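One-letter residues, chain by chain:
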Amino acid sequence: MYSFMAGGLFCASVGNILLVVCTATDYWVQYRLQGALAHQGLWRYCLAGKCYMQMENIGKDHWGRCAAGGGVAASVRWASRPLLNRSGFECFLPAALAYWNATRAFMILSALSCFAGIITGILSFAHRSTFEKFNRSFAAGIMFFVSTLFVLLAMAVYTGVTVNFLGKRFGDWRFSWSYILGWVALLMTFFAGIFYMCAYRMHGCQRVAETR
């Protein structure tokens, strides 16, 4: 059972690192905008070697860019109502900001849940009473599953909106390595939860055998 717990801690530690890295980096999507390579993350987008905060500069200087079909970009005036580009496509920039915020929130909650699970998992090794120790093991497993759920929600929101809303506006785009790390982190936190639940169940079976 301790081997299960050690394996769970390893998976959780790797998963937590990946969660932080993929949340902080700017390579969730790569695409071409006006012939130049661009990439964006949850916080910034980078174009022609310069990076800008997501949507922040739009509100500051009152200009944004809305991609039309085939990757043609048209400058649009920022307003509280939906914006129209030259092709007649409505750009709901506030909606885009909402989905970025949702993805950020879920990723941060996932990282925090995973970190709390790691702390609880480490404490489960403490030489306390057996009942307390493996209650912590069960709690750690639950936290890792909660972390997995938050990652899944974040990736589902980002994937759905990117494919159905943003992806169709660019002719040449793809998901990049930060996005891939998010899915790998999901697997790591899920397996961490499985390992800790196995340790908890194994201990339960041992206690039943000892009472006979």
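As shown above, the structure is provided for reference.
A quick note: this is a predicted structure, and the numbers were derived from the prediction, not measured.

Colleague: Please clarify how the state of the cysteines should be interpreted in this entry.
Modeller: Should the sulfur atoms of two cysteines be covalently bonded, the bond is a disulfide. Summed over the entire model, instances satisfying the criterion amount to one disulfide. Between the sulfur atoms of C46 and its disulfide partner C51 the distance amounts to 1.9 Å. In this structure the cystine formed by C46 and C51 twists about its S-S bond by roughly 100°; its chirality is therefore right-handed. Its relative accessible area of 35% is what places C51 among the partly exposed residues.

Colleague: Explanation requested: the sheet that holds strand β9 (residues 173–175) in the structure shown.
Modeller: Neighbouring strands of a sheet are bound in pairs by backbone hydrogen bonds; such pairs are parallel or else antiparallel. The strand order across the open sheet formed by five strands is β4-β3-β2-β1-β9, and the pairing between neighbours is antiparallel. The two strands at the open ends of the sheet, each matched to only one other strand, are β4 (50–53) and β9. Each strand axis lies, on average, 20° off the axis of its neighbour in the sheet, ignoring direction. One ladder, built from three bridges, connects strand β2 (residues 36–40) with strand β3 (residues 44–47); its direction is antiparallel. Paired with H39 across the two strands is C46, which belongs to β3.

Colleague: Just checking my understanding: could you explain helix α1 (residues 2–24) for this structure?
Modeller: It helps to recall that an α-helix has 3.6 residues per turn; residues three or four apart then point in one direction. For α1, spanning 23 residues, the distance from its first C-alpha to its last is 33 Å, which sits close to the expected 33 Å at 1.5 Å a residue. Burial in α1 covers these residues: M5, G7, G8, L9, C11, A12, G15, N16, L18, L19, C22 and T23.

Colleague: Help me understand the pairing of β4 in this model?
Modeller: Pairing of β3 with β4 involves four bridges; the strand directions are antiparallel. Following the sheet pairing, L47 is matched in β4 by K50. What sits between the antiparallel neighbours β3 and β4 is a turn of two residues, in which A48 has the positive phi angle 55°.

Colleague: Before we go on, may I ask you to explain the packing of aromatic side chains in this structure?
Modeller: Any aromatic ring pair is given by two values, namely how distant the centres are and how the planes are angled relative to each other. The tally for this structure, following the rule as stated, stands at 16 aromatic pairs. With a centroid separation of 5.3 Å and 25° between ring planes, the pair formed by Y99 and W100 is classed as stacked. With a relative accessible area of 5%, Y99 lands in the buried category. Judged by relative accessible area, W100 falls into the buried class, the value being 5%. Where Y158 meets Y179, the ring centres are 6.2 Å apart and the plane angle is 40°; that geometry is what we call tilted. Here the residue Y158 occupies a position in helix α4 (residues 130–166), and Y179 occupies one in helix α5 (residues 177–211), the gap between them amounting to 21 residues.

Colleague: Is there a simple way to think about the side chain of S113 in this case?
Modeller: Along the polypeptide, S113 turns up in helix α3 (residues 93–123). Classification of S113 as buried rests on a relative accessible area of 15%. In contact with S113, other than residues within four places in its own chain, are M143, V146, S147 and F150.

Criteria and thresholds
Residues numbered from 1 in each chain as written. Predicted model: local features only at pLDDT ≥ 70, side-chain atom pairs only at ≥ 80, totals over all residues. Heavy atoms only, no water. Disulfide = S-S within 2.5 Å. Buried < 20%, exposed > 50% of the residue type's maximum accessible area, 1.4 Å probe, protein only. Pairing = 2+ DSSP bridges. Helix = DSSP H or I, 4+ residues; strand = E, 2+ residues; numbered from the N terminus. Axes fitted to C-alpha atoms, helices over the stretch in contact; angles between N-to-C directions. Expected span 1.5 Å × (residues − 1). Phe/Tyr/Trp six-rings, centres within 6.5 Å; stacked < 30°, edge-to-face > 60°. Contact = heavy atoms within 4.5 Å.

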